[in-house]
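# Remarks on the overall topology
Listed here are the chains, written in short residue letters.
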Amino acid sequence: MPDRYTERSADVLIVGAGIAGLSLAIALSKSDCHVVVIDGADRPKPVNAGVALNDWDLRVSALTPTSIRFLESLGVWQRIPSERTAPYQAMCVWDADGTGRITFNAEDVAAPCLGHIVENRQTVQALLECAEACSGVELRWQSALESLSRKPDGWSIDCAGDQRLSAQLVVAADGARSKVRQLTAQPTRDWDYHQSAIVGTVALSSPHQATCWQAFLSTGPLALLPLPDPSKVALVWSLDVQEHSGVAALSDTAFIEALNQALGPLAPHAEAVGTRVSFPLKQSHAIDYVDDALVLVADAAHSIHPLAGQGINLGLSDVRILAQELLAGCAGGLTVSSPVSLKRYQRQRKSENLAMMAAMEGFKRGFGSPHPAAVILRNIGLNMVERQPLLKRWFMRQAIS
Ligand SMILES: Cc1cc2nc3c(=O)[nH]c(=O)nc-3n(C[C@H](O)[C@H](O)[C@H](O)COP(=O)(O)OP(=O)(O)OC[C@H]3O[C@@H](n4cnc5c(N)ncnc54)[C@H](O)[C@@H]3O)c2cc1C
């Protein structure tokens, strides 16, 4: 029977053209490697530059200074229009069930800002422009991974559109529900939070003051992230599943009323909401990030609760370290799939990601408990950190590094 596939070869095949996959492709373009990136979706359309309520991307990220420096080193950050990035100077965090409150200010650590809020599609657009300008990088859209099999010198990969590719190294950058991870049976440790997050753009009746506002409620954390328009914020409202379905079904007017009630008097007042979308929240961590000629990065390796806005920052750190180790290995005469380089990557990244995930789990449990003793303890804790400048500066350095 004739083979329906046509075969092309690559040194590195990256599955997933999201923020992680594209940034890795650009970073690897500094080597002689031929890098192919496949994605099941269509090429993203040019981004909307409007400022009306529904013109903003529903997915935004709080990029830390470390992530921004990495994107700058790739020539990507410079391509994101500055009028679409929102530097934030402060973070205000409080316990909605008590009196605990803490405010972090950039000036306390002599930093110009604590980070930037950026729409994901703006970051992807800038990454795409850079990746398309790299001679060693090939992007293939509508090319969903279907199957892959191990060969003596790498992998044979079949994807949609009857395409067959061979590659020395396969990188899974295909997100939290990674097909690469499933097909290669990489085990994970999973926690279902039994929560979903409602995201959407919210218009305020007073300016957001370049501040990230975060309330911890017993039903889940609620965050308002400042957009470049001072009267608009991105909402990420995590709710236990029982609460979520009721809140998600509210009319816009009733939703705004519920939101203002949940925010209380500390945050700016919400006035209107655009389209709302929900995401189920799960934390998942691969037991190993590397296998024979295979490596997992970003959400394919670990997905984390959005309460600290760290998901893509951890992912970009994975990419930075993986690219560094692969480039150093190749320069030192190793093959691109050398287990030496892959293990160095895993050693550096796994412990940091695990520590962040454990901290998020602790926060989630501590703030999720309605028990009066837990409420008192966490409020004492927040107020104590607020009054200790050294401790507060230590927390801030962790948040912005
Ligand atoms: C509600 C919510 C709020 C969040 N807020 C923040 C925040 O403030 N800050 C932050 O840092 N993080 C945040 N995150 C997390 C952040 O969005 C993710 O960490 C980030 O998008 C992961 O990027 P990625 O490139 O690994 O995966 P993805 O963005 O999921 O990209 C995966 C890509 O792989 C492609 N793909 C999937 N399957 C296949 C296949 N079989 N074949 C080919 N291609 C495939 C997809 O089309 C996609 O393009 C949030 C997450 C949620 C759910």
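That block above? That's the structure.
Just so it is clear, the structure is predicted and the values come from calculations on it, not from any experiment. (Residues numbered from 1 in each chain as written. Predicted model: local features only at pLDDT ≥ 70, side-chain atom pairs only at ≥ 80, totals over all residues. Heavy atoms only, no water.)

Before going further, it helps to spend a moment on the overall build of the protein. When you go through the protein residue by residue, the secondary structure sums to ten helices and 20 strands. Burial analysis of the protein (401 residues in total) assigns 54% to the buried set. Long-range contacts, defined as pairs at least 24 residues apart, comprise 72% of the intrachain contacts of the protein with a sequence gap of at least 6. Taken as a whole, the protein presents about 17,400 Å² of accessible surface, with 55% of it coming from carbon and sulfur. (Helix = DSSP H or I, 4+ residues; strand = E, 2+ residues; numbered from the N terminus. Buried < 20%, exposed > 50% of the residue type's maximum accessible area, 1.4 Å probe, protein only. Contact = heavy atoms within 4.5 Å. Areas by Shrake-Rupley, 256 points an atom, 1.4 Å probe, with all protein chains shown as cover.)

Across the sheet, which stays open at both edges, the three strands sit in the order β3-β7-β4 with antiparallel pairing between neighbours. Either end of the sheet is taken by a strand with one partner, and the two such strands are β3 (60-63) and β4 (85-88). Strand-to-strand twist in this sheet, taken as the mean axis angle between neighbours without regard to direction, amounts to 25°. Two elements, β4 and strand β7 (residues 115-119), share four bridges in a ladder whose sense is antiparallel. In the sheet register, Thr85 faces β7, and the bridge partner there is Val118. (Pairing = 2+ DSSP bridges. Axes fitted to C-alpha atoms, helices over the stretch in contact; angles between N-to-C directions.)

Lining the immediate environment of the ligand, one finds 31 residues, of which Asp39, Arg59, Leu145, Asp299 and Ile312 sit closest. Within the contact set of the ligand, an oxygen atom lies 2.7 Å away from a side-chain nitrogen or oxygen of Asp39. Residue Gly311 places a main-chain N or O atom 3.3 Å away from an oxygen atom belonging to the ligand. Out of a free accessible area of 1,000 Å², the ligand has 81% covered by protein chains. (Near = heavy atom within 4 Å. Polar contact = N/O pair within 3.5 Å; in protein donor to acceptor, adjacent residues only side chain to side chain.)

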